[in-house]
Every structure is written in structure tokens, then in C-alpha cells.
Amino acid sequence: MLLAACRPQERAYEHFLDGRIRGCFSHALLSALDRLGPTATYGEVHALTEGGVRALSLLQHPELRGPEDGGFLSGEPVPASPFLLRHTPWGWEVNCGAAHGLRSAGAEFALLGDAGARAVVVREVRPESALVEPVGWRPTAEEERLAHAVTPSALAFPPAVVALSGEAVAVRLVAEAVEAVPALALAPDGPSSESAEAGPLRLRVAAGGGRARVSGGAGHPVPDLPLRSPADAVRVADCLAHIARWHHIRDLANPDPLLSSLVRITVEETPVGSLRHAADGEIVCGYAPGGREPQVRVGIHNSSGRDLWAVLLDLTDSYGSSPHLFEGEFIGDGRAGWARRGQPVWLRLPQGRAPVPGAFTRDWLKVIVAEDELNLAPFRLPAWSPAAPSGARLSPAPAGGGGGLLRLVGAGTEGGRDAGGPAYGAGRWGTAQVVVRTEV
């Protein structure tokens, strides 16, 4: 364990403080310990100490190397969140930034163990931290002196970037429809400098001849859509927003990796059909002789040391998401929950896709676990159909900007949870995911 006054290439400075010359680090450290008391963790001490030093000198950055959840000086593990909310000279700040996977302004953090389910919203994402503002509450002077454990309660996603090509009149129709949707943004002119891995989702629309072809999503190709009127263009934008929403669910991950590393999904073979693991990590399930659909057993395994509530989402390549396989139950430590209560899961091609040799479909099986029950509504998304309204185009935008918001914990809200147990305060959560390819 190392708690240093500054980085190796820096100097530790002194200032005239409390009537005499004192080290910035030692002054901030003692002040932090006085505020936190004997139960402080190294992470809490470092968070307040760093804030105190930064208020005195921008050239000095205290360092912590070692487990943040260890009790100060004792080293005994203390259950704690890796993310802390603190007040700095620049306002309220959470030590979670782009380097931790935080994507966009508008994300929210909830205070752990807070009876009022208070939250803060992200206004600016920095590499190592985020500037935030309290939502619907005013911190007291005493609360400004402390570090508060927080957990991500809603994740914001940047707008999906839409590149348009084709006939000028058709492109103009689609552009006007896209500009009205918060989850979408038109691609700027000129070549893009962002890679698909680092930047937001990038979708494409080729428009002309009274048709629009949408591409760029990870699922099965979408059939061409009619494009002869502004109403048709709105339907194209609806399709783009639906695909973006599906990607938000598929790509959901907590910047806090603890629970994600302690749960896993298994897909087990049965006598019907074949199963193999491909080099790219996909689980490939083949139809049985005679055209019988393969069957598997899907398990959710908990080794977190605590009971966890879990839901298993089936994200199809038709851009649908459903929790029907395992619709939310608690799984004990060291135990497993089974999809369809242990009955085989049948894998089949979607309706309209002929089961001819070489045909295939993909399912992304994603488990979301949490210390308390979650609202399932954000994870229900019907498969995309040109004949049925999606609703994804009308999804609310994050308060701080961005293209989409997935709320995991209903901080500060009432009635947001599906029927079930009581509404608890914010808790930690995590995800795990496997990709299953079903082929003929």
C-alpha cells in the first residue's frame, strides 16, 4: 500500500496554512481523517486528500497504490463502492471518467445506502473523473466535507451517428427526420476520424428510388423501407433509433467491474443438436439431423459471496430484447439459476428465415445482476418490424445531453419498478454476456 504526496515526477509543496508553514499533503490528509473518522477506507481518504491538495496546488497530485477498500492503516477489507462523490473547488465530482467506460454526459450516480435515494447527474466527462450536479436535493455544508459512496444508476450513450447517401431529395427527407430524434445525429461532412471501436454507433442510410436501405447494426440486415414522403422518412428514423436502443442494451456494462467478474453464463449441450465453441468466442449450436431445432440448458452462476437478483435477456439479431428466459429472481451465493426453470431452451431461426443449409441466427444472452430488484421495462424491446411502431424514437434523452439513457436504479422515482418486492435504495450491479450462433 502506498499513499504518496505527489507523483514521482512532481514536487510536494508547502503553504502558509493555519498560521504556519505546512505541507499541502499532510494538511489535507489530517483534515480528511478528521472528517471521516476511524472507519475510513484508503479510497475515501485519498479522495478527500486529493481534493484538498488540488485546492491548494494544481501542480501536485497525491497518489494511491493498493486496494481502495482497505481500512486506513488496518488494511482490513471494508465493503465499499469504487466510486466516490466529493466536493472540489470545481464543484461536485465523481472519480469515474472516460477511462472507466463512462460514455456521455447525462449519466447518473445514486448515493449508496441513502434512504432518500438521492442522485447526481453527469455534466462533463473527463478522462479520470466526471463533474456532476445533485438532482432535486441541496447538499449541506457537512455533506460537502465528506466523501460519499455512489454507484452508476443510469448510463447515458452518445447519439448514434447516421451517414446518409443517395438522391438529394430523399437524403433531405431522412436528414430532417433524423434531426428530430435525440438518439441520432447526422454524420459531419468529410471522412470520420473516429474508429468504430472508440466512437459511437455508426449507422448508414442509402436513399433513392423510393426506398431506404439501413445498415451498420450488429443484427440481421433490415429489409429496405419505403421512402416517398415525410411520414416514410420518420419511419426510417424510427428504425435507426430502434437499432440504437438495441445496441444500448447489448453494450450495457457497469464501469464498476466487481459483480460483473463474479457471475457467468453457461450454455450446456443436450442430446438434441450439437454444440461447439468457436475461436471467436461464439457458442455455435447446430440443428439435429432431420431438421430438429437444437436445445440447450442455460445457467446463471453466482460466486459473488452474496445473494444477487438476476435477469437474463435474450437479444436477438432481429433487434429485439426480452427477459422471458429468466425474468428476475434472486440467486444465492455459490448457486445457479436456470433459464426456463431448468427446461431446455429451444434455438430456432426467426420466422421468415428458411432453415436451409448455411442459414443462421445470433442471440446475445446477457445477464444483469444487482443487489436489489431492477425495473425490467427498459430492457423490453420488440423485434424490429416495419409494420409495428417501435417507440424507441420517443425514448427520453439524458438530462445532460447524449443520445439515450438506460436507467438501472430508480433513484428518486416512484412506481418505476415492475410488480415484485419493495423499492430498495441503490445497490451495485453488473453484467455478463455470451453470443450463441444457431446454424443449419
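Residues numbered from 1 in each chain as written. Predicted model: local features only at pLDDT ≥ 70, side-chain atom pairs only at ≥ 80, totals over all residues. Heavy atoms only, no water.

### What to know about the sheet that holds strand S26 (residues 429-439)
To keep it simple, the criterion reads: Strands were regarded as paired on the criterion that DSSP finds at least two bridges between them. The secondary structure listing takes helices from DSSP runs of H or I that are at least 4 residues long and strands from runs of E that are at least 2 residues long, numbered from the N terminus. Working convention: axes come from line fits to C-alpha atoms, limited for helices to the stretch in contact. Angles between N-to-C directions cover 0 to 180 degrees. Contact between two residues is taken to exist if any of their heavy atoms lie within 4.5 Å; hydrogens are not considered.
Taking strand neighbours across the sheet as the criterion, the six strands line up as S17-S18-S26-S24-S20-S21 in an open arrangement whose pairing is mixed. Unpaired on one side and paired on the other, strand S17 (274-277) and strand S21 (321-331) mark the two borders of the sheet. On average, each strand axis in the sheet is inclined to that of its neighbour by 20°, with strand direction left out of account. Here 11 bridges tie strand S24 (residues 360-370) to S26, and the two strands are oriented antiparallel to one another. Along S26, the bridge assignment pairs Leu365 with Val434. Here helix H5 (residues 230-250) sits on the sheet in contact with strand S20 (308-316), S21, S24 and S26, set at roughly 140° to S20.

### Comments concerning the pairing of S24
The following threshold applies: Three exposure classes are used, based on accessible area relative to the maximum for each residue type with a 1.4 Å probe and protein chains only: buried under 20%, partly exposed in between, and exposed over 50%.
For S24, a buried count of nine out of 11 residues is recorded, marking the element as mostly surrounded by other parts of the structure. Across eight bridges, S20 lies against S24 in antiparallel orientation. Its bridge partner lying in S24, Trp309 is registered against Ala370.

### Regarding the confidence of the model for the chain
Which entries qualify depends on this criterion: The predictor attaches a confidence to each residue, called pLDDT, with possible values from 0 through 100.
Residues at a pLDDT of 70 or more form 87% of the chain, whose mean pLDDT is 86. Below a pLDDT of 50 lies the segment residues 193-197, which in the model reaches three contacts outside its immediate sequence neighbourhood of four places, other chains included. Ignoring residues within four places in sequence, the model shows residues 397-401, a span with pLDDT below 50, making 19 contacts including any to other chains.

### Notes on the sheet that holds strand S14 (residues 211-215)
Taken in spatial order, the five strands of this open sheet run S12-S11-S13-S14-S15, and their pairing is mixed. The open sheet has two edge strands, strand S12 (184-186) and strand S15 (225-226), and neither has a second partner. One ladder, built from five bridges, connects strand S13 (residues 202-208) with S14; its direction is antiparallel. Bridging across to S14, Ala206 finds its partner in Arg213. In the packing of helix H4 (residues 168-179) onto the sheet, the strands contacted are strand S11 (160-166), S12 and S13, and the crossing angle to S11 comes to about 165°.

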